[in-house]
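Structural features, examined
The lines below spell out each chain.
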Amino acid sequence: MKKAKTHKLPVRAAISFTKSKSWRHYPIGLSLILIIPLCLLLGFGFVYPVGRLLGQSFFAPDFGLDNYRRLLETPLYLRVLGRTVIVALIVMAASLALGYPVALAMARLRRDLAGVVMACVLLPLWTSALVRSYAWIVILQRRGLVNDALLGLGVISEPLKLIYTEGAVILAMTHVLVPFMILPIFGAIRAIPTELVQAARNLGGGQFTVFARILLPLSLPGIFAGCLMTFILALGFYVTPALVGGPSSLLMATLIGQQTTETLDWGFAGALSTVLLCVTLVIVVCFRKALSNNRGISNVA
Amino acid sequence: MRRVILKGETVTLEKIEKNFAETAVVRDVSIAVQAGEFLSLLGPSGSGKTTLLMMIAGFEAPNRGRISVGTRDITFEAPNKRDVGMVFQRYALFPHMTVAQNIAFPLRMRRCSRAQARDRVDAMLAMVRLEGFADRLPQQLSGGQQQRVAVARALVAEPPVLLMDEPLSALDKKLRETMQLEIKRIQKRLGVTVVYVTHDQEEALTMSDRVAVMADGELMQVGAPIDLYHRPANAFVAGFIGKMNFLEGEYIGHDGGEAVIRLSQTATVKCPTSSATAVVGQRLTVAIRPEDLSVRPSGDVRPGGFKGRVEAALFVGAAYVVLVAIDGRAGEVVEARLPANGGSLPLVPGDIVDVFAEPSAVRLFSHQQRQAA
Ligand SMILES: Nc1ncnc2c1ncn2[C@@H]1O[C@H](COP(=O)(O)OP(=O)(O)O)[C@@H](O)[C@H]1O
Ligand SMILES: [Mg+2]
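Think of each chain on its own: its residues are numbered from 1, step by step along the sequence as written. A letter from A marks each chain and a number from 1 marks each ligand, given out in the order of writing. Given that the model is predicted, a residue must reach a pLDDT of at least 70 before its local features are reported, and side-chain atom pairs must reach 80 or more before they are shown or counted; all residues, however, enter totals for whole chains, interfaces and linings. Note: side-chain values were computed over all heavy atoms of the structure, leaving out hydrogens and water.

Some remarks on the interface of chain A and chain B
Test applied: Any two residues having at least one pair of non-hydrogen atoms within 4.5 Å are treated as being in contact. By definition, the buried area sums, over both parts, the 1.4 Å-probe accessible area that each loses when the two are put together. Any Lys or Arg side-chain nitrogen located within 4 Å of an Asp or Glu carboxyl oxygen qualifies as a salt bridge. The secondary structure listing takes helices from DSSP runs of H or I that are at least 4 residues long and strands from runs of E that are at least 2 residues long, numbered from the N terminus.
Across the boundary between the two partners, chain A contributes 24 residues, which contact 32 residues of chain B. Together, N202, L203 and R213 of chain A form the three largest contributors to the area buried by chain A at its contact with chain B, with a combined 28%. Between E195 of chain A and R90 of chain B there is a salt bridge whose closest N-O contact spans 2.9 Å. Looking at the side of chain A that touches chain B, the elements with two or more residues in it are α1 (2-25), α9 (194-202), α10 (207-235) and α14 (295-300) of chain A.

Next comes the structure, spelled out in structure tokens:
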């Protein structure tokens, strides 16, 4: 017992030593000056307007919790909130299902081939979400690619309603968000030393065992990071649901957008934002808790 | 608790060749490792030792040749079907599993019952002296302890062969020596065949039954440590194992059944004719171990000896190391190692001395051979 402890301490001491040294290289004053522009930008561009919006939920039009009462007492709004969470969960799950194999393949491929796949993953990220959403409209609309093909083949006689549905929203959002799942998982798998895989094989493990008992558990930190990222992005996603979704697939972000641009009800928009923010925070905390409870992950991460 | 008893098997490498994109990394290597033998692959970094081990473990396939364990041909067998244990250089313990789970891993792969697995894990932990560490995670262990877990994990499924790739290189000198003894003790007790990779000749000599010296992908010599030391097959082995003085010389004929090699106008050495198949005038390399040279204050030069001037005389504990500049050879120095015997050495830098080597302790290598090495 004692031995391991005394062994660990010098390591920690060494780490804090190098840390303190780097502080001496970069004086604190200089660091502060360098981050002032970012702080100002965050303060005026983010904290102030968000704070004001949240504040207005209690003050506009009158002081009180009227906006929140309205939200909680109207089934429509609660349904939108529930739908938003469920759609975000589905998008997250779909991204994981589609993204994990890609990340795994990328991590196990030769370096040059992995680079090609990586470019394919990143390329969509460099195109605007607007463009990608319009592309889905072209594919899914009443006389779009899919319907034309199915009609032409005689599989259906009437065009299917594909666009402006919840399915279209989920499909398009998954497409936009899947790189945010792939990248952290790829990073996690890449970081697993080859020797661990070789050791598992050497000790009698087949390909599947190596995946299930070594790669999967050791890539959990990447999975958690990817899930958290896609889920949070999906919760607040605006452009794609607004374009490919319809009234029956209204999500929170679109609803908030309507309040601020169409009905100009800033107080209610603030209340909706506050609730969405709280839901996001609660879920982030739950994720973190799950993360720290999992021994394997805290060890690796 | 069940005693772990293993029986080693032979490992046969036949004409193994391995290329990485045109470059030959292992060339025509054949070694027959006996059952229960401890064989070291010794060679400088980049000589192909790891590649050879990876081919035995199944992570690389040879371009040519055959690998077998016992009577089984495993040349193209999947790594998980080979039943060959391996200890990796950086241990490769699974960081998300406890010590016990790590050691039980190969047993789980072999569908061993939980109760039986627990007994075997306990037996292995006792063998590597880590009782009470079963529920630790690898990063809660010191380097030496991780090493022991890696050994236990590699041996728990009772493979007939154990491969180790520089397993002690990450440990400090003291711990390394302890672990060398520990590994030998376990190997003796289990009777497992060990193929052990190292670039540390001292480690190879102290641990091995036989050592296979490799250089540049080729096998230089296989033999017991004492044979490699006293009967090196070529200049490379002579230089790589232990300390050796190499001197260029010219064969000038015999003298009473001994070949005479001229080192300079005034300096000659003699060696048994049997080791010289040279024509008069041929240039050869003379190799003499420091401990085979005697150095004494100048008197009459004996035939087969030469004069020199002491450059430095150093006390190194068990011996004196004396560096002597050879008379007539500018700047060239031989190293002699004289037993200390408790007395002080009557030699100081600048002294003129006689240097002598028993002919039987002098070896000759052809010039080209030395160049190649
Ligand atoms: N996967 C590989 N691809 C290309 N070259 C390799 C590979 N593995 C090893 N080599 C080369 O083969 C040679 C021998 O390597 P290695 O077997 O690791 O030597 P050692 O273990 O004796 O230090 C080195 O020159 C190394 O660069
Ligand atoms: Mg190596």
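After that view of the structure, there is still more to cover.
Some details on the sheet that holds strand β20 (residues 363-366) of chain B
Sheets are built from strands paired through backbone hydrogen bonds, the pairs being either parallel or antiparallel. All names here are of chain B. To keep it simple, the criterion reads: Following DSSP output, two strands are said to pair if at least two bridges run between them. Axis lines are fitted to C-alpha atoms, over the contacting stretch for helices. Their N-to-C directions set the angle, which ranges from 0 to 180 degrees.
Within the open sheet, the five strands sit side by side as β13-β12-β11-β14-β20. Their pairing is antiparallel. Edge positions in the sheet fall to β13 (268-272) and β20, since each has one partner strand and no second. Adjacent strand axes in the sheet meet at a mean angle of 45° when their direction is disregarded. Sheet topology note: the strand β11 (residues 245-255)/strand β14 (residues 283-288) ladder contains six bridges and is antiparallel. Residue pairing for β14: G249 is matched across the bridge by L284.

Points about the layout of surface pockets
Residues and elements named next belong to chain A. To keep it simple, the criterion reads: Lining residues are defined by having an atom within 4 Å of a point belonging to a cavity or pocket. Those points lie on a 1 Å grid over the protein atoms alone, cavities being sets where a 1.4 Å probe fits but cannot get out and pockets being open sets with protein on both sides within 12 Å along at least five of seven lines. Grid points are joined across faces, edges and corners, and a volume is the space filled by probe spheres set on the points. Here the term charged refers only to Asp, Glu, Lys and Arg, the term nonpolar to Ala, Val, Leu, Ile, Met, Phe, Trp, Tyr, Cys and Pro, and the term polar to all other amino acids, Gly among them.
Of the pockets and cavities examined, the second largest pocket occupies roughly 360 Å³. If you trace the second largest pocket, you find 13 residues lining it, with V50, I256, S273, L276 and L277 closest to the centre. Contributions of two or more residues to the lining of the second largest pocket are made by α2 (28-59), α10, α12 (252-261) and α13 (266-293). Tallied by class, residues from the lining of the second largest pocket come to 10 nonpolar, three polar and no charged.

Here's the deal with the site of ligand 1
Residue and element names in this part refer to chain B. Where we set the bar: When we say a residue is near a molecule or strand, we mean one of its heavy atoms is within 4 Å of it. A 3.5 Å cut-off defines polar contacts: any pair of N or O atoms within that distance qualifies, except that in protein one atom must be a possible hydrogen donor and the other a possible acceptor, and neighbouring residues in sequence count only when both atoms are side-chain atoms. Using a 1.4 Å probe, the Shrake-Rupley method yields the accessible areas, and only the shown protein chains count as cover for residues.
Around ligand 1, a shell composed of F20, V25, P44, S45, G46, S47, G48, K49, T50 and T51 is seen. Measuring from an oxygen atom of ligand 1, one finds a backbone N or O atom of G46 at 2.6 Å. Contact with the protein chains removes 55% of the 560 Å² of surface that ligand 1 exposes when unbound.

Some details on the confidence of the model for chain B
Residues and elements named next belong to chain B. Condition: pLDDT gives the predictor's per-residue confidence on a scale running from 0 to 100.
Residue-level pLDDT values for chain B average 87, and 94% of them are 70 or greater. Element-level mean pLDDT values for chain B span from 52 in helix α9 (residues 367-372) up to 96 in strand β3 (residues 38-42). Model confidence for the complex is summarised by a pTM of 0.81, with the ipTM given as 0.83.

A few points about the nonpolar core
What counts here: By nonpolar core is meant a set of buried Ala, Val, Leu, Ile, Met, Phe, Trp, Tyr and Cys residues that side-chain atoms within 4.5 Å join together. Think of it in three bands: with a 1.4 Å probe and only protein chains considered, a residue is buried below 20% of the maximum accessible area for its type, exposed above 50%, and partly exposed in between.
Formed by 99 residues in total, the largest nonpolar core has its most connected members in L41, L52, F94 and L163 of chain B. It is helix α8 (residues 166-190) of chain A that provides the largest number of residues to this core, a total of 13 residues. When residues no more than four places from it in sequence are discounted, the contact partners of F94 of chain B are L196, A199, A200, L203 and I214 of chain A together with N102, F105, P138 and R153 of chain B. Within the second largest apolar cluster, 39 residues are counted, among which are V121, M124, M164 and V194 of chain B.

Quick look at the domain arrangement of chain B
Residue and element names in this part refer to chain B. Operational definition: An automatic or database domain assignment supplies the residue ranges for each domain.
Split by domain assignment, chain B resolves into domain 1 (11-240) and domain 2 (245-372). With nine residues of domain 1 in contact, the opposing surface of domain 2 contributes seven residues. In total, domain 1 and domain 2 occlude about 690 Å² of area from one another, counting both sides; carbon and sulfur atoms represent 53% of this. For domain 1, the biggest contributors to the area lost against domain 2 are Y229, A235 and A238; these three give 64% of the whole. Counting across the interface, domain 1 meets domain 2 through zero salt bridges. Classifying every residue of the side of domain 1 that touches domain 2 gives six nonpolar, three polar and no charged.

Remarks on the pattern of salt bridges
Inspection of the entire model under this criterion finds 23 salt bridges over all chains. Of the charged contacts, one joins D265 of chain A and R70 of chain A as a salt bridge, the two residues approaching to 2.9 Å between their closest N and O atoms. Placement of D265 of chain A in the loop between α12 and α13 and of R70 of chain A in helix α3 (residues 66-73) is noted, with a sequence separation of 195 residues between them. Residue classification places R70 of chain A among the partly exposed positions, given a relative accessible area of 33%. Put simply, D216 of chain B and R27 of chain B hold a salt bridge, and the shortest N to O gap is 3.4 Å. Remark: R27 of chain B occurs in strand β2 (residues 23-33) and D216 of chain B occurs in the loop between β9 (210-215) and β10 (218-223); sequence separation between them is 189 residues. With relative accessibility at 54%, the residue D216 of chain B sits in the exposed group. Accessibility expressed as a relative area gives 32% for R27 of chain B, which makes it partly exposed.

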